[in-house]
Amino acid sequence: RRGGTGVVAGLVKMVPVLQRPPHPPSVQSALAARGGSIASLKVLILHDCGLAKLEGLSVCAGLERLVVSFNEIARLEGLEACPSLTALDVSFNLLRRLDGLAGLARLRTLDAQSNLVSRADDLTVLRKHVPDLAHIHLANNPVSSMKSFRAFLLRRLPKLATINGMDVLPGELDAALASTSAIKVWLIKENAFAQRRANWSLLPPRYRRQTLGDRQALDVRVPSRAVAV
């Protein structure tokens, strides 16, 4: 038994202890661990490195593709240091917002699936910072379950070719633009009626108190009241 115990103890010492470091590593420390020259990097893959922040990317400003999937990143920051970035993979992280893409005008592919993005406003922000985006993946985010998700995206990013891995169909963009929920002039004229001069209201006539000017504007004939003698 003593011999067996000694063998087991020896095996236990040989098994590596799998645990996270007390402080999550940074991009710089992850790069240093991999070694080699980083100034001329074009592709950087830091998959499942325990990253909590995107910082230190200025040391590889020429990056064209960045993969930081399966980490613990809660906020997009520091990406403006890589203006040549064309593809970004931040899938399977803890992102709640997509407001850290300023300065990435060349970005064409964004994979942010399996995060915590829930606000439609974040999709509108994409139009401001990455208007030429061609491929986007937002599956398994709360925002992807919103009504007319694809049409909403296409109205803001009309150059999209794929959404969540599915091609944009011929005529889908035109249909999305035609179904916009924004208030337009024709919608106002079709549903409104005149009130005094050059003043419009969407309140139905039966709920509204009309004046003589209203009736004249609407060409409504009002029968005169009989006067008792």
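These lines cover the structure that appears in this document, whether it is placed above or below.

Procedures and definitions
- Residues numbered from 1 in each chain as written.
- Predicted model: local features only at pLDDT ≥ 70, side-chain atom pairs only at ≥ 80, totals over all residues.
- Heavy atoms only, no water.
- Pairing = 2+ DSSP bridges.
- Helix = DSSP H or I, 4+ residues; strand = E, 2+ residues; numbered from the N terminus.
- Salt bridge = Lys/Arg side-chain N within 4 Å of Asp/Glu carboxyl O.
- Buried < 20%, exposed > 50% of the residue type's maximum accessible area, 1.4 Å probe, protein only.
- Phe/Tyr/Trp six-rings, centres within 6.5 Å; stacked < 30°, edge-to-face > 60°.
- Lys NZ or Arg CZ within 6 Å of the ring centre and 35° of its normal.

### A short note on the sheet that holds strand β1 (residues 43-45)
Thinking step 1. With respect to topology, 7 strands assemble into an open sheet ordered β1-β2-β3-β4-β5-β6-β7, the strand pairing being mixed. The open sheet terminates on both sides in strands that have one partner only, identified here as β1 and β7 (166-167).

### Examining the pattern of salt bridges
Thinking step 1. Taken as a whole and judged by the stated rule, the model has 6 salt bridges.
Thinking step 2. Between aspartate 122 and arginine 97 there is a salt bridge; the shortest N-O distance is 2.8 Å. Of the two residues, aspartate 122 sits in helix α3 (residues 120-129) while arginine 97 sits in the loop between β3 (87-89) and β4 (109-111), which places them 25 residues apart along the sequence.
Thinking step 3. A relative accessible area of 0% places aspartate 122 in the buried class.
Thinking step 4. With a relative accessible area of 31%, arginine 97 lands in the partly exposed category.
Thinking step 5. Taken together, the shared-partner salt bridges in this structure form one network comprising Arg97, Arg119, Asp121 and Asp122.

### Remarks on unusual backbone geometry
Thinking step 1. Even without being a glycine, phenylalanine 70 presents a positive backbone phi close to 55°.
Thinking step 2. Here phenylalanine 70 lies in the loop between β2 (65-67) and β3.

### Regarding the packing of aromatic side chains
Thinking step 1. A complete count under the given rule lists 1 aromatic pair for this structure.
Thinking step 2. Ring plane angle 10° and centroid distance 4.2 Å describe the contact between phenylalanine 70 and phenylalanine 92, whose orientation is recorded as stacked. Of the two residues, phenylalanine 70 sits in the loop between β2 and β3 while phenylalanine 92 sits in the loop between β3 and β4, which places them 22 residues apart along the sequence.
Thinking step 3. We classify phenylalanine 70 as partly exposed; its relative accessible area is 38%.
Thinking step 4. The ring of phenylalanine 152 has arginine 156 lying over it, and the distance from NZ or CZ to the ring centre is 3.5 Å.

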